[in-house]
Amino acid sequence: MSRLVVISNRIADPRKPAAGGLAVALGETLNQTGGLWFGWSGTVTEDGLPGEGTLHTRQAGNVTLATVDLCREDHDSYYYGYSNSVLWPVFHYRLDLADFNAGYIAGYRRVNQMYARKLLPLLKDDDVIWVHDYHLIPLAAELRALGCRQKIGFFLHIPVPPPLIMAAIPQHEWLMRSFFAYDLVGLQSEADVAHFTRYLDQEASAQAVGPQRLRAFGATVQVGAFPIGIDVDEFARLAAAPEAMDTFHSMREEYSRRRLLLGIDRLDYSKGIPQRVRAFRELLSRYPENQHSATLVMIASPSRDSVNAYADLRTELEGLCGAINGDFGDLDWMPLRYIHRTVARKRVPGLCRAAAVGLVTPLRDGMNLVAKEYVAAQDPEDPGVLVLSRFAGAAEQMKEALLVNPYDTQGMADTIQTALQMPLPERQRRHQRLMENIREHDVHWWRKSYLSALEQAGEDDDRSHLARGS
């Protein structure tokens, strides 16, 4: 059985429950095959040389964890620069927030080249390599340039923008050419597959040479949608643990006379948090019966605070929340509780279960697993209602949620009111169907279906010329 090699920007010890469902799912295969997990160590050295970094390895049971340090210049250009100031905003349709600094791409390519050099000596001839996310798009091309012939797959956890938005990236052709060094490219949704293939058709005159198999740049690649799921059983165990149950009971007791609405996100401009707050304000204005009876708990954990766009978002959000509490609040009722810190994961299921309405309303998202976690945490006898943005990747699967346009403030307020007024039989029916889908397409299904497709992906002997933009 081939060994699995997982490569991602950050790694996790798959033996630790705190690592989350993705690490647990990947850990199953890694442990079975004696796998390798490779990525950034999380350490930034102030005196290191660009393109150089110290490799660290340690064992986690049957899995080798291999990490590389980054110097300050590489970290700032590769991570904060190209990854999070170019690719992240553009792939989330926010050209207005992109910083197309010409120096960023050099650092991005330099770090991927370094990773390839550090990784290559650790590989075995029959390894299967699985690369994750936008930080590492050109890694396969760099490995191929060094002579790597192993099967390599890629999975993008964020959405793919339409062709004209993608084409705004300087050197976008080089970036998209890099995908053709992979045997399989996995995306979150059918919409992402459509945008990806349409770009290649319009910009590279790609030819379809099989079902979701494309040829361009002198090479072929398999492309497919593999919507990621959660570990339902692991989340259920978390929900039944004392910390989650304590959170649930304390929230129910504190808000015994209120209906709770809940939003849990990273503080990111892709999550549509200000739009959600404005919709809540509209709810209180249009449906005044919710005053003194509904409370929105907004948890927005810190995210990339050193990036200006995130600092501006925090300032805007704090102003919106303060205005709602000032305009509508009373001595015995505060309409909105805003928390700008990370809430322990073990308490999340309790928060979800206590909420009558879960608000997952991003402006654009690859998947958004919080939507699935909210549903999985509910009491099937008295479930809450999920209000979900149609622009979340999860919307393709979760059609029994109440789908909203987060740009439509009044429409979202009306839908939240519908959720608050929904009869129990309809809530139960929607929840049952959502749970069936979540359980069928869980994170283990995702892993197995992707790796099975990677195993079957056709070989292509003409990839080496794709490296480094040649």
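Please refer to the structure higher up on the page.
Here is a short report on the structure shown in this document. Here the structure is a predicted model, which is why all the values come from computation and not from measurement.

## Observations concerning the sheet that holds strand 11 (residues 259–266)
Taken in spatial order, the six strands make up an open sheet running 13-12-11-14-15-16, and their pairing is parallel. Of all the strands in the sheet, the pair left with one neighbour each is strand 13 (336–339) and strand 16 (402–404). Strand-to-strand twist of the sheet, defined as the mean angle between neighbouring strand axes without regard to direction, takes the value 20 degrees. Sheet analysis places strand 15 (residues 385–389) next to strand 16, joined by three bridges and oriented parallel. Following the sheet pairing, Leu388 is matched in strand 16 by Leu403. The strands touched by helix 11 (residues 308–328) are strand 12 (294–301) and strand 13; relative to strand 13, the strand with the most contacts, the crossing angle is about 155 degrees.

## Focus on the side chain of His132
Relative to the elements of secondary structure, His132 occurs in strand 5 (residues 128–132). Side chain to side chain, His132 and His157 meet in a polar contact 3.0 Å long. The contacts of His132, once residues within four sequence positions are left out, are Val6, Ile7, Ser8, Leu26, Phe154, Phe155, His157 and Trp446.

## Things to note about the side chain of Asn325
Along the chain, Asn325 turns up in helix 11. Of the residues examined, Asn325 reaches a relative accessible area of 18% and is grouped as buried.

## Here we look at the pattern of salt bridges
Here the structure, examined in full by the defined rule, presents 24 salt bridges. Residue Arg276 is joined to Asp265 by a salt bridge in which the shortest nitrogen-to-oxygen separation is 2.6 Å. One end of the pair, Arg276, is in helix 10 (residues 273–286); the other, Asp265, is in strand 11, and 11 residues separate them in sequence. One exposure class covers both Arg276 and Asp265, and it is buried. The partner of Arg278 in a salt bridge is Glu316, with the nearest N and O atoms 2.8 Å apart.

## Looking at helix 14 (residues 409–421)
Under the 1.5 Å per step criterion, the end-to-end length of helix 14 is 19 Å for 13 residues, consistent within 8% with the ideal 18 Å. Three or more residues of helix 14 are buried, namely Met412, Ala413, Thr415, Ile416, Gln417, Ala419 and Leu420. The inward-facing, buried residues of helix 14 contact strand 11, helix 10, strand 14 (357–360), strand 15 and strand 16.

## Topic: the sheet that holds strand 1 (residues 4–10)
Taking strand neighbours across the sheet as the criterion, the 10 strands line up as 3-4-2-1-5-6-7-10-9-8 in an open arrangement whose pairing is mixed. The strands lining the two open edges of the sheet, one partner per strand, are strand 3 (55–60) and strand 8 (207–210). Between one strand axis and the next, the sheet turns through 25 degrees on average, direction left out of account. Judged from the four bridges that link them, strand 1 and strand 2 (residues 36–45) form a sheet pairing that is parallel. Across the sheet, the residue bridging to Val6 is Trp37, located in strand 2. In this fold helix 3 (residues 104–119) packs onto strand 1, strand 2, strand 3 and strand 4 (63–71), with an angle of close to 145 degrees to the strand it touches most, strand 4. Here helix 16 (residues 443–456) sits on the sheet in contact with strand 1, strand 5, strand 6 (151–155) and strand 7 (184–187), set at roughly 140 degrees to strand 6.

Basis of the calculations
- Residues numbered from 1 in each chain as written.
- Predicted model: local features only at pLDDT ≥ 70, side-chain atom pairs only at ≥ 80, totals over all residues.
- Heavy atoms only, no water.
- Pairing = 2+ DSSP bridges.
- Helix = DSSP H or I, 4+ residues; strand = E, 2+ residues; numbered from the N terminus.
- Axes fitted to C-alpha atoms, helices over the stretch in contact; angles between N-to-C directions.
- Contact = heavy atoms within 4.5 Å.
- Polar contact = N/O pair within 3.5 Å; in protein donor to acceptor, adjacent residues only side chain to side chain.
- Buried < 20%, exposed > 50% of the residue type's maximum accessible area, 1.4 Å probe, protein only.
- Salt bridge = Lys/Arg side-chain N within 4 Å of Asp/Glu carboxyl O.
- Expected span 1.5 Å × (residues − 1).

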